[in-house]
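What follows is the residue order along each chain.
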Amino acid sequence: MYIPSHFAEDRNDVVLELVRRRGFGHLVCGGDGGLTSTPVPFLIDDDLSSVRAHVARPNPIWQLAPCRALLIVAVADVYVSPTWYPSKQEHGKVVPTWNYEVVHLHGHLITHDDPAWVRQQINDLTDQNEAVMPEPWEVSDAPAKFIEVQARAIVGIELLVDRVESKRKLSQNRSDSDRAGVIDGLRINEPTKNTIAVAMQR
């Protein structure tokens, strides 16, 4: 990924927070037929070294493992209008752009077709995502036989991460007044995408 120095994010704790906040990515693998990708919800360890997920058994991507793979975590993105820059009125030398946060996790993909591993993964993934609910649902809330059948229909996958790239393009290359203009523009015109405005303020 092309990352100019002013957009690079090298703090592991920040990258981990970004990845966990999204919790969803696009796994890309290469095979004889070229590139293939599948979207996956996932869990990542504290060291950014292991990503655990699962896919449906009919999904052919797991059969490519062991192989090199890339997990693309698109955290947030939004269009930035040049009309939001105060500098537009000063000199007019402005163009549209896009602000975003993205993390690329490179590594070695392996499979886990073991019932105990798969069950632990779906328990952990469920617990992580249900934690914010008023009355969290647990896998054990469903009939055991039903869960057993569901678990047999999936295959565990793990990305052993050996390289992390993180880019946060948040108008760092603009003046303070232009950044403030973008934040105001997002709040007024893109309230559903306020996460970028919040990220910019941080």
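Residues numbered from 1 in each chain as written. Predicted model: local features only at pLDDT ≥ 70, side-chain atom pairs only at ≥ 80, totals over all residues. Heavy atoms only, no water.

**Student:** Break down the sheet that holds strand E4 (residues 50-56) for me, citing the residues and quoting the values.
**Tutor:** The strand order across the open sheet formed by 7 strands is E2-E1-E5-E6-E7-E4-E3, and the pairing between neighbours is antiparallel. This sheet does not close on itself; its edge strands, each paired only once, are strand E2 (34-41) and strand E3 (43-44). As paired strands, E3 and E4 are joined by 2 bridges and run antiparallel to one another. Each bridged residue has a counterpart across the sheet, and for Ile44 the counterpart in E4 is Val51. (Pairing = 2+ DSSP bridges. Helix = DSSP H or I, 4+ residues; strand = E, 2+ residues; numbered from the N terminus.)

**Student:** Could you give an account of the environment of Asn173, with specific residues and numbers?
**Tutor:** Following the sequence through the fold, Asn173 ends up in the loop between strand E7 (154-169) and helix H5 (176-189). Here Asn173 falls in the partly exposed class, since its relative accessible area comes to 48%. Linking Asn173 and Gly30, residues 143 residues apart in sequence, is a C-alpha distance of 35 Å. The contacts of Asn173, once residues within four sequence positions are left out, are His6 and Phe7. (Buried < 20%, exposed > 50% of the residue type's maximum accessible area, 1.4 Å probe, protein only. Contact = heavy atoms within 4.5 Å.)

**Student:** Let's hear about the nonpolar core: which residues, and what values?
**Tutor:** Within the largest apolar cluster, 29 residues are counted, with the highest numbers of intra-cluster contacts made by Leu27, Leu71, Leu105 and Leu109. Looking at this core, the elements with two or more residues in it are helix H1 (12-22), strand E1 (24-31), E4, strand E5 (67-80), strand E6 (97-112) and E7. Residues contacting Leu105, with those up to four places away along its chain left out, are Val19, Ile44, Val51, Ala69, Leu70, Leu71, Val73, Leu159, Val161, Arg163 and Val164. Val78, Trp84, Leu170 and Val182 belong to the second largest nonpolar core, which has 12 residues in total. (Core = buried A, V, L, I, M, F, W, Y, C linked by side-chain atoms within 4.5 Å.)

**Student:** Give a detailed account of the packing of aromatic side chains, specifying residues and quantitative values.
**Tutor:** By the definition in use, this model includes 1 aromatic pair. When the ring of Tyr79 is compared with that of Trp98, the centres are 5.7 Å apart and the planes differ by 65°; the resulting orientation is edge-to-face. A residue pair is termed long-range when its members are at least 10 positions apart, and Tyr79 in strand E5 and Trp98 in strand E6 qualify at 19 residues. Tyr79 gets classed as partly exposed once you look at its relative accessible area, which sits at 34%. Cation over ring: Arg174 sits above Tyr85, and NZ or CZ is 4.1 Å from the ring centre. (Phe/Tyr/Trp six-rings, centres within 6.5 Å; stacked < 30°, edge-to-face > 60°. Lys NZ or Arg CZ within 6 Å of the ring centre and 35° of its normal.)

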